[in-house]
Amino acid sequence: MTKKGFIFDLDGVIVDTAKYHFLAWQNLANSLGISFTEEQNEQLKGVSRVRSLEKILEWGNKTISEEEFTRLMTDKNEEYLKYISKMDDSEILPDVVRVLDTIIKKDQMIALGSASKNARVILDKVALRDKFHAIVDGTNVTKAKPDPEVFLIGAKELNIAPEHCIVFEDSVAGIQAANAANMISIGIGEAKILHEADYVFKDFTEMNDDFLNNLLTNQNA
Ligand code: BG6
Ligand code: MG
């Protein structure tokens, strides 16, 4: 049987860090007199730190200097890291460990494919780093999702052809990146939002071992 590569996004797939990104961006936006809603936060999922700040400034119709931009990015990340520093394995999303362990037991390959530059810190905080054969994050890529770069590097590091890789993603940009990489895309979240994915599950509790086994035996996957 051909070996498969399973590539996981981090934020919103393995851990619910979107709430911490939200708090930090909201504080920053409010300090600039810009309102920031949970709906707008949705639009920042999978989006890089630089692009997120650009979007918030666009929403608030604000122009700032380059120095101010850099300072705000640093401030945002420092606040975000304060939340992260308190994380532990209780913040791993339901059934993530079951799915990872099922894949490991089947002797398949696992990579992380995240836009975050904090990915390694977070994996250490929740004690999951050991489960990954490769980690590709915001420090390794030059092009943001929906560009397929992050997943293509992941496949390469796993030494698995892209068409034998399966991506788990909670963002629209990430699903588009997986599709562009010619990989099977599995959305974790709402089907209405992630309609471009090959399959969508509300969360991992809905993904049974039969589904995972089928991915392993499906010759097209
Ligand atoms: C993505 C998140 O995984 O990483 C985005 O969905 C975030 O919300 C992006 O902006 C970059 O993360 P970081 O940790 O490098 O600021
Ligand atoms: Mg995500």
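Bear in mind that the values here come from a model prediction, so they are computed numbers and not experimental data.

K.L.:
Describe the sheet that holds strand β6 (residues 199-201), naming the residues involved and giving the relevant values.
P.N.:
What the six strands build is an open sheet, ordered β3-β2-β1-β4-β5-β6; its pairing is parallel. Looking at which strands have only one partner, the edges of the open sheet turn out to be β3 (134-136) and β6. Across this sheet, the average inter-strand angle for adjacent strands is 20 degrees, counted without regard to direction. Of the pairings in the sheet, the one linking strand β5 (residues 184-188) to β6 comprises three bridges and is parallel in character. Residue pairing in the sheet places Ile186 in a bridge with Tyr199 of β6. Sheet strands touched by helix α7 (residues 149-158): β1 (5-8), β2 (109-113), β3 and β4 (165-169). Its angle to β3, the strand with the most contacts, is close to 160 degrees. Together, β4 and β5 form the strand contacts of helix α8 (residues 172-180), whose direction differs from that of β5 by roughly 170 degrees.

K.L.:
Break down the nonpolar core for me, citing the residues and quoting the values.
P.N.:
Among the nonpolar cores identified, the biggest contains 37 residues, and Phe8, Ile14, Phe132, Phe168, Ile186, Phe204 and Met207 are the most heavily contacted of them. If sequence neighbours within four positions are ignored, Ile186 has contacts with Ile166, Val167, Phe168, Glu169, Ile175, Tyr199, Phe201, Met207, Phe211 and Leu215.

K.L.:
Now, about the coordination of the magnesium ion (ligand 2): what can you tell me, with residues and values included?
P.N.:
Protein coordination at the magnesium ion (ligand 2) comes from Asp9 (OD), Asp11 (O) and Asp170 (OD), with a distance range of 2.0 to 2.1 Å. Within one chain, the residues serving as donors to the magnesium ion (ligand 2) are arranged as D-x1-D-x158-D. In terms of burial, Asp9 and Asp11 fall into one category: buried.

K.L.:
Which residues make up the packing of aromatic side chains, and what values go with them?
P.N.:
Counting across every chain of the model gives 10 aromatic pairs. Chaining the aromatic ring pairs together yields one cluster made of Phe6, Phe8, Phe132, Phe168 and Phe204. Stacked on the ring of Tyr80, the Lys or Arg Lys76 has its end atom at 4.6 Å from the ring centre.

Calculation rules
Residues numbered from 1 in each chain as written. Chains lettered and ligands numbered in written order. Predicted model: local features only at pLDDT ≥ 70, side-chain atom pairs only at ≥ 80, totals over all residues. Heavy atoms only, no water. Pairing = 2+ DSSP bridges. Helix = DSSP H or I, 4+ residues; strand = E, 2+ residues; numbered from the N terminus. Axes fitted to C-alpha atoms, helices over the stretch in contact; angles between N-to-C directions. Contact = heavy atoms within 4.5 Å. Core = buried A, V, L, I, M, F, W, Y, C linked by side-chain atoms within 4.5 Å. Buried < 20%, exposed > 50% of the residue type's maximum accessible area, 1.4 Å probe, protein only. Donors = N, O, S within 2.8 Å, 3.2 Å for Na, K, Ca; no water. Phe/Tyr/Trp six-rings, centres within 6.5 Å; stacked < 30°, edge-to-face > 60°. Lys NZ or Arg CZ within 6 Å of the ring centre and 35° of its normal.

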